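Understanding the architecture of this molecule
Each chain is listed here by its residues.
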Amino acid sequence: MDRGKMVVNSDECKGCGLCISQCPVGCIEFDNETINKQGYHPAKYTGSGCTACGICFNVCPEPGAITVYKLVKA
Amino acid sequence: MYEPILEKPKSFFDIYKEKSGDQTITHYCPGCGHGIVHKYVASALDELNLTDKAIFVSPVGCSVFGYYYFNTGNYQAAHGRAPAVATGTKRVNPDSIVISYQGDGDLAAIGTAEIIHAANRGELMTVIFINNAIYGMTGGQMAPTTLVGQKTTTSPRGRNPYNEGYPVKMCELISQLNAPIYVERVALNNAANRAKAKRAIKKALKLQAERKGFTFVEVLSQCPTGWKVDPPDSLKWIEEKMIPYYPVKVFKDISNEAEPYPEPKKIVSGNELLEILGIKSEEEKDLKKYEIPKEYRNPKIKIAGFGGQGVLLLGVALAQVGMMEGYNVTWIPSYGPEMRGGTANCSVNISDGLIGSPVVEKPTILVAMNKPSMEKFEKDMVPGGILFYNTAMIDEEPKRDDITKVPVPATKIASDLGNIRVGNMVMLGAIIEKTKLLPFETVKKGFEYFISRKNLIPLNEKAVEAGMRYVRENNL
Ligand SMILES: Cc1ncc(C[n+]2csc(CCOP(=O)(O)OP(=O)(O)O)c2C)c(N)n1
Ligand code: SF4
Ligand code: SF4
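Procedures and definitions
- Residues numbered from 1 in each chain as written.
- Chains lettered and ligands numbered in written order.
- Predicted model: local features only at pLDDT ≥ 70, side-chain atom pairs only at ≥ 80, totals over all residues.
- Heavy atoms only, no water.
- pLDDT = per-residue confidence, 0-100.
- Patch = residues over 30% accessible without salt bridge, like charges linked within 9 Å, V, L, I, M, F, W, Y side chains within 5 Å.
- Areas by Shrake-Rupley, 256 points an atom, 1.4 Å probe, with all protein chains shown as cover.
- Salt bridge = Lys/Arg side-chain N within 4 Å of Asp/Glu carboxyl O.
- Helix = DSSP H or I, 4+ residues; strand = E, 2+ residues; numbered from the N terminus.
- Buried < 20%, exposed > 50% of the residue type's maximum accessible area, 1.4 Å probe, protein only.
- Near = heavy atom within 4 Å.
- Nonpolar A, V, L, I, M, F, W, Y, C, P; charged D, E, K, R; others polar.
- Contact = heavy atoms within 4.5 Å.
- Buried area = accessible area lost by both parts, 1.4 Å probe.
- Polar contact = N/O pair within 3.5 Å; in protein donor to acceptor, adjacent residues only side chain to side chain.
- Pairing = 2+ DSSP bridges.
- Axes fitted to C-alpha atoms, helices over the stretch in contact; angles between N-to-C directions.

Moving on, we come to the confidence of the model for chain B. The predicted model of chain B averages 94 in pLDDT, with 96% of residues at 70 or higher. Interface confidence for the predicted complex, given as ipTM, is 0.98, next to a pTM of 0.73.

Turning our eyes to something else, we now look at a nonpolar patch on the surface. All names here are of chain B. A cluster of nonpolar side chains, Val148, Tyr162 and Tyr166, forms an exposed patch at the surface whose accessible area comes to about 410 Å². Inspection of the secondary structure puts valine 148 in the loop between strand 5 (126-131) and helix 6 (161-164). The class of valine 148 is partly exposed, set by a relative accessible area of 42%.

A few words now on the site of ligand 2. Ligand 2 sits among Cys13, Lys14, Gly15, Cys16, Gly17, Cys19, Ala43, Cys60 and Ile66 of chain A. Each residue belonging to the shell around ligand 2 can be placed in one class, and the counts come to 6 nonpolar, 2 polar and 1 charged.

The next thing to look at is the pattern of salt bridges. Residues and elements named next belong to chain B. Evaluated as defined, the whole model comprises 22 salt bridges over all chains. For glutamate 123, the salt bridge is made with arginine 121, and the minimal N-O distance between the two is 2.6 Å. Residue glutamate 123 is classed as buried on the basis of its relative accessible area, which comes to 5%. The salt bridge partner of aspartate 416 is lysine 412, with a shortest N-O separation of 3.0 Å. Remark: lysine 412 and aspartate 416 occur in helix 15 (residues 410-417); sequence separation between them is 4 residues, near one turn of the helix. With relative accessibility at 57%, the residue aspartate 416 sits in the exposed group.

Across the contact, 34 residues belong to chain B and 34 residues belong to chain A. Roughly 2,800 Å² is buried in total at the junction of chain B and chain A, and carbon and sulfur atoms are behind 63% of that figure. The three residues of chain B that bury the most area against chain A are Tyr2, Leu6 and Lys39 of chain B, which together make up 26% of that side's buried surface. For the pair chain B and chain A, the number of links is 1 salt bridge. A salt bridge links lysine 37 of chain A to aspartate 22 of chain B, with the nearest nitrogen and oxygen atoms 3.4 Å apart. Our count for the contact surface shared by chain B and chain A stands at 15 residue pairs in polar contact (both at pLDDT 80 or more). Elements that contribute at least two residues to the side of chain B that touches chain A include exactly strand 1 (2-6), helix 1 (33-48), helix 8 (191-209) and helix 10 (231-245) of chain B. Considering each element in turn, the side of chain B that touches chain A owes the most residues, 5 residues, to strand 1 of chain B. In the side of chain B that touches chain A, the residues fall into 19 nonpolar, 8 polar and 7 charged.

Right, let's get into the sheet that holds strand 6 (residues 182-187) of chain B. All names here are of chain B. Across the sheet, 7 strands lie side by side as 3-2-4-5-7-6-8; this open sheet has mixed pairing. Edge positions in the open sheet fall to strand 3 (73-76) and strand 8 (250-253), since each of these has one partner strand only. Each strand axis lies, on average, 20° off the axis of its neighbour in the sheet, ignoring direction. Alignment of strand 6 against strand 7 (residues 215-220), held across 6 bridges, turns out to be parallel. Looking at strand 7, one finds that valine 186 is bridged to valine 219. In the packing of helix 1 onto the sheet, the strands contacted are strand 2 (54-58), strand 4 (97-103), strand 5 and strand 7, and the crossing angle to strand 4 comes to about 170°. The strands that helix 8 touches are strand 4, strand 5, strand 6, strand 7 and strand 8; relative to strand 6, the one it contacts most, it runs at about 155°.

Residues and elements named next belong to chain B. Of all 5 residues in strand 2, 5 are buried; the element is thus mostly enclosed. Side chains Ala54, Phe56 and Ser58 of strand 2 all project onto a buried face; the interleaved residues Ile55 and Val57 project onto the opposite face, where all are buried too. As paired elements, strand 2 and strand 4 share 4 bridges and run parallel to each other. The partner of isoleucine 55 across the bridge, within strand 4, is valine 98. Sheet topology places strand 2 next to strand 3; 4 bridges connect them, and they run parallel. Note on strand 3: the bridge partner recorded for valine 57 is tyrosine 75.

This paragraph deals with the sheet that holds strand 4 (residues 66-71) of chain A. If you walk across this open sheet you meet the 3 strands as 1(A)-4(A)-1(B), and the pairing is antiparallel. In this open sheet, the two strands that pair with only one neighbour each are strand 1 (4-8) of chain A together with strand 1 of chain B. Mean inter-strand twist for the sheet, computed between neighbouring axes without regard to direction, equals 35°. Across 4 bridges, the pairing between strand 4 of chain A and strand 1 of chain B is antiparallel. Within strand 1 of chain B, the residue paired with lysine 70 of chain A across the bridge is glutamate 3 of chain B.

Written out as structure tokens, the structure reads:
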């Protein structure tokens, strides 16, 4: 199981691509299947590789577009 | 199991109710640095538990709508004036945490004076300065921080330092001043620098909460729209174009040595305030508003003479006594070029309504203590006005015949009383006797406010009486 995961609230994403370009492990991509209500292809988690470093959160200009989760032992 | 470690900070509103259109997203362009810095400010407020105390001052620029987003106290200041608004805000709310958030057009062009002086006064505030090298909001014009050679809509061939000067380095300027305790420039170009930016903003707010002093954080921040580059490339632009000219570093940090500012004195009651202002509230309450005779009501008074004749003091006396009688008053001396010739004048309004301007251009009452004053101002009087002139120093008759003339040898009477300088008070006596503008009893009570040397009060009182007597005895 990966150490972390990121979740994009796709309606709040403006498709700027900053998170995608800055993610050190390349685990974020554009969701080319989806056009959100603002008319952008939002970013989405590829599904694996996230280390919960938080870099995407700290480069995303939208307050609520990204949430980063960390794996904790149950 | 996964737990959220980074999510929308609580210092933001859930829903941006003030905003038109979609109330879940910001108004910023995709990739704009403003949103990132907003997040750092909001996270810092969350972490320091300062949200309830914070007052965010939005500027003019793309961040003009900062108040849509921050669940704090909010102001939106006139262009460039955020530090002035923040100064007032902090001074009347000393327990608040005040953030002056400004772009480079706002802070380094139209608001240069405000930021320099707020910094120099060491106001207890945090300034977040977004340097994006351009005017974003108005469509990409050149800013003071625009780089040499940078093309903008108003520098289409690139900024030319021989024409537009060099880009202004605000951290370098601010850190030269004594008062600021913490000045740092940060950048949004890479993860390490963004982490530093976040820490710097938090540190600045923490220092403010500790009452340490003025803190200033400049952020090299992308404007992909104004720069006409994709958001990911805009980060490279910061790195390659901005950082070489604007070094990213701490310019000043004396926060460890700095003593916290003393706790401000709190004014708890209205009476205490009156006491601090030196107003004797009880005494004033006893006074009933004196009825000024109809024909002299709302006078516009001009008093003019040589520098040493006490014309300014005569004006103060009239205004003070008028105020004690419950009227609205203004007194304003003239500092015009005529002062250089040794003549002085002042304007006084005593009004039962609001006073629009303190300046008197067309006097209803003119006091001329010397000849040049009469020559200069007689012609400005309104028809039916009343002219008091000092015949001891004016050997000419007034020219107008549509005014009332009251000749008083004020300087001579004063000289007979033993002090040539109380001619102004002789004139005061003549004025109140002739017009009944103000009661002598209140003038007597007023002396202590406008005569600073208390031992001279009896002489001044005598002079006023002598002026009154002169008018009575000569049936003027
Ligand atoms: C008194 C006044 N002068 C000029 C303007 C026009 N104006 C609006 S925003 C702006 C500059 C904004 O640039 P900056 O401070 O760099 O902020 P940005 O939009 O880049 O974030 C100007 C000149 C104004 N609104 N008010
Ligand atoms: S940085 Fe934010 S707004 Fe930009 S693509 Fe990623 S999630 Fe969307
Ligand atoms: S114009 Fe520039 S500064 Fe303004 S919102 Fe767009 S990207 Fe941000």
